[in-house]
Structures are given as structure tokens and as C-alpha cells.
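Residue-level structural notes
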Amino acid sequence: MKLPGPFAITRIVDMEGPFRAPDFLFPDATPEAFAETKVSRDARFVDVAGKQLIMSFHSLIVRTERNVILVDTCVGNHKERPTLPDWHQRTDGQYLKNLAAVGLTPEAITHVLCTHLHADHVGWNTKLLNGRWVPTFPNAKYVMHAKEFEHADHAQRTADANTRHRFWDDSVQPILDAKQALIVAGDFEIEPGVRLQPAPGHTPGNIVLVLDDGKQRAYLVGDTIHHPVQIERPNWSSRFCWDANQSRLTRAKFLGEVADTGAWIIPAHFAPPCAVRVTSQTNGFWFNTAS
Ligand SMILES: [Zn+2]
């Protein structure tokens, strides 16, 4: 699926559909509070019958003249995630077929960018080959923000065996072993018009990828905004935010900066049409979609 914005932006799906009840993801989204939002009546983003959020787990691929940049690598296949049944030992992910369907081989990817190091953003970093985890994208530099890398590395070193994040072992360490990691500052520029911007809160080193070809601008925001309801309610941080208060401050500041500029906002989990333009309202923000 082609998305609007500068360069050529394509979506590759790993999983999508009804995910969880609103208050599972956002503790502030009680049934009463959620029912008061306009988004709660939008069947593109909420399974109104089942009262679940509709979410997508996708990669965004940015093709410039020089590079093919893949942003966030979703959940992956064969990963041990015993506490997350729908992500545990999947064998049905069609991700690589979906990549082939847009005319790309794994070898064609020049950069993989993880907006942050959570299990649903690093999964296809690697694939299982003859019992070993190997980089899925053999020619890519895997770009990670140093602050995020150091935080996640510290967390996995200090966790006990039961709480240790397995994703480090199966989706990050193999990238380090293959010498494909590129640990960078928060304002790193992949090429002119393609640069990182820090957005702390969801995680300490969470970043946004800013795309600007001189004509159009887009922000690939990862989990800075998980679901469209957070544009209407920027104060609702997710249960999985490292610092919920910092997360809401970052989100409100970001929305204030991009509102009414015509820039496209493309998060990691918005269901189709996936890309929105934010507008300011007397009481917060709203959005228009690409279709
Ligand atoms: Zn996520």
C-alpha cells in the first residue's frame, strides 16, 4: 500500500485487525471516557461491535534516489513471546511475501530503522535460519538511537531470567554479532531530507523519522502516537510507556508543531488509511485522512 508524502512511502503489513479494548492500551480510556470521543464511532479505527481498537503492525519503507529505508520491523515469526499469545511462536506471518509483492527483496534494503526497541518494532530484524537467528536484511545498516540502545542494553543486562526481554537475544544481539548495527545520535541524518528527531517518553530514546523532499514533509512517528484517539486525547499515554507524563508532553508538543502545516503523520500502528494530517481545534487537535 502506497502512502502519501515525500519520496515514495510504502506500507508492509505483519499483522492487523481488532487488537485490544481501549483501556487495555490506554488506562485513561475507560468505557465512558472512550465513548465520548469522536474516534470511538469511526469503524476504520475501532471495531465498534467488539469494542476493540483496530491496529496495524506494519513497516514503512521509504525509497529515495539513494536508499531503501525500512522503518520498524513489527512482530516477526518464530519468536518466543510466552506472555503474549498472539505474538508467540507465530509461523503465519506473511511479511516477507508482502515485501516481495511490492517488488523488494530483503537484499535491497539499505537501512533498517527501529524507532524504539520494543518487541513489536524489532521482530523482523532477524529470521530463523537452520536454528540460528540471522539478520533478515543482509545488506542493511540497522540504525538505533544510542540513548535507546543503552537503555535497552542496561535493562536486559540487569533483568533476572524470568523478566529478561527475549527480544534482545533473538532480534538485537544477532544484529550486533553480524556487525550491522549503526548506533547514532538523536539528530542523525541518513541522507539530506531524511533525519531522526528525538521524541522521548514512550521509551527514553524513542525517535521520529522526519522526511522532507523540499516539497512535502512527513513524520514517521513510531509509537509517539499509537492510535488516532490520541490525537483527540493527547493526554492518553499507553500502558507501555516508560514515562507516561513525558510521553504526553512530547505528544502534545509534537502535535502543536505539526498541526495545520500540511505535513503527513504516519505512525507504526494506525490502521488504513494510516496517514493523517493534524488540524488544531479550539480544544485540542483533530485530523484528516489520506482517503
Ligand atoms: Zn508498538
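Treat the numbers as computed from the prediction; the structure is a model and nothing was measured.

For the chain, the count of helices and strands is 8 helices and 17 strands. Its C-alpha atoms give the chain a radius of gyration of 18 Å, within 12% of the compact-globule value 19 Å for 291 residues. Considered along the principal axes of its C-alpha atoms, the chain spans approximately 55 × 45 × 35 Å. Of the contacts made within the chain by residues no fewer than 6 positions apart, 67% connect residues no fewer than 24 positions apart.

This paragraph deals with the coordination of the zinc ion. Each pair of donors in an ideal four-coordinate tetrahedral metal site encloses 109.5 degrees, whereas pairs in an ideal six-coordinate octahedral site enclose 90 or 180 degrees. Protein coordination of the zinc ion is provided by D120 (OD), H121 (NE2), D223 (OD) and H269 (NE2), with donor distances spanning 2.1 to 2.2 Å. Taken together, the 4 donor atoms coordinating the zinc ion and their angles of 87 to 158 degrees define a geometry best described as irregular. Sequence spacing among the residues donating to the zinc ion works out to D-H-x101-D-x45-H. Of this pair, H121 sits in helix α4 (residues 119–122) while H269 is found in the loop between β15 (264–267) and β16 (276–281), placing the two residues 148 residues apart along the sequence.

Moving on: helix α5 (residues 146–158). In this model, α5 (13 residues) spans 18 Å end to end at C-alpha, consistent with the 18 Å of a helix rising 1.5 Å per residue. As for α5, its buried residues are in contact with β9 (141–145), α6 (166–177) and β10 (181–184).

I109, F137, Y219, I231 and I265 are the most contacted members of the largest nonpolar core, which has 62 residues in total. Counting residues per element, this core draws most heavily on strand β4 (residues 52–63), at 5 residues. Formed by 21 residues, the second largest nonpolar core is a distinct cluster that contains V62, I69, I190 and C274.

With that out of the way, let us pick up the pairing of strand β5 (residues 68–71). Side chains V68 and L70 project from β5 onto one buried face, and the interleaved I69 and V71 project onto a second face that is buried too. By the bridge criterion, 4 bridges tie β4 to β5 in an arrangement that is antiparallel. By the bridge assignment for β5, L60 is matched with V71. Sheet analysis places β5 next to strand β6 (residues 111–113), joined by 3 bridges and oriented parallel. Residue pairing for β6: L70 is matched across the bridge by V112. Considered for its hand, the β-α-β crossover made up of β5, helix α3 (residues 95–101) and β6 is right-handed.

For the rest of this paragraph, the subject is the packing of α5 against α6. Helix packing for two helices is described by the angle between their axes and how far apart those axes are. At a closest axis distance of 12 Å, the pairing of α5 and α6 adopts a crossing angle of 125 degrees. Between α5 and α6, the interaxial angle falls into the category oblique. Seen along the crossing, α5 lies across α6 with a hand that is left-handed. Where α5 abuts α6, its residues F149, A152, D153 and Q156 lie against W168, V172 and L176. Along the lines of polarity and charge, the residues of the contact of α5 with α6 split into 5 nonpolar, 1 polar and 1 charged.

Parameters at a glance
Residues numbered from 1 in each chain as written. Predicted model: local features only at pLDDT ≥ 70, side-chain atom pairs only at ≥ 80, totals over all residues. Heavy atoms only, no water. Helix = DSSP H or I, 4+ residues; strand = E, 2+ residues; numbered from the N terminus. Rg over C-alpha atoms; globule rule 2.2 N^0.38 Å. Contact = heavy atoms within 4.5 Å. Donors = N, O, S within 2.8 Å, 3.2 Å for Na, K, Ca; no water. Tetrahedral: all angles 85-135°; square planar, octahedral: opposite > 155°, others 65-115°. Expected span 1.5 Å × (residues − 1). Core = buried A, V, L, I, M, F, W, Y, C linked by side-chain atoms within 4.5 Å. Buried < 20%, exposed > 50% of the residue type's maximum accessible area, 1.4 Å probe, protein only. Pairing = 2+ DSSP bridges. Right-handed = clockwise from strand over helix to strand, strands pointing away. Axes fitted to C-alpha atoms, helices over the stretch in contact; angles between N-to-C directions. Parallel < 35°, antiparallel > 145°, perpendicular 65-115°, else oblique. Left-handed = near helix turned anticlockwise from the far one by under 90°. Nonpolar A, V, L, I, M, F, W, Y, C, P; charged D, E, K, R; others polar.

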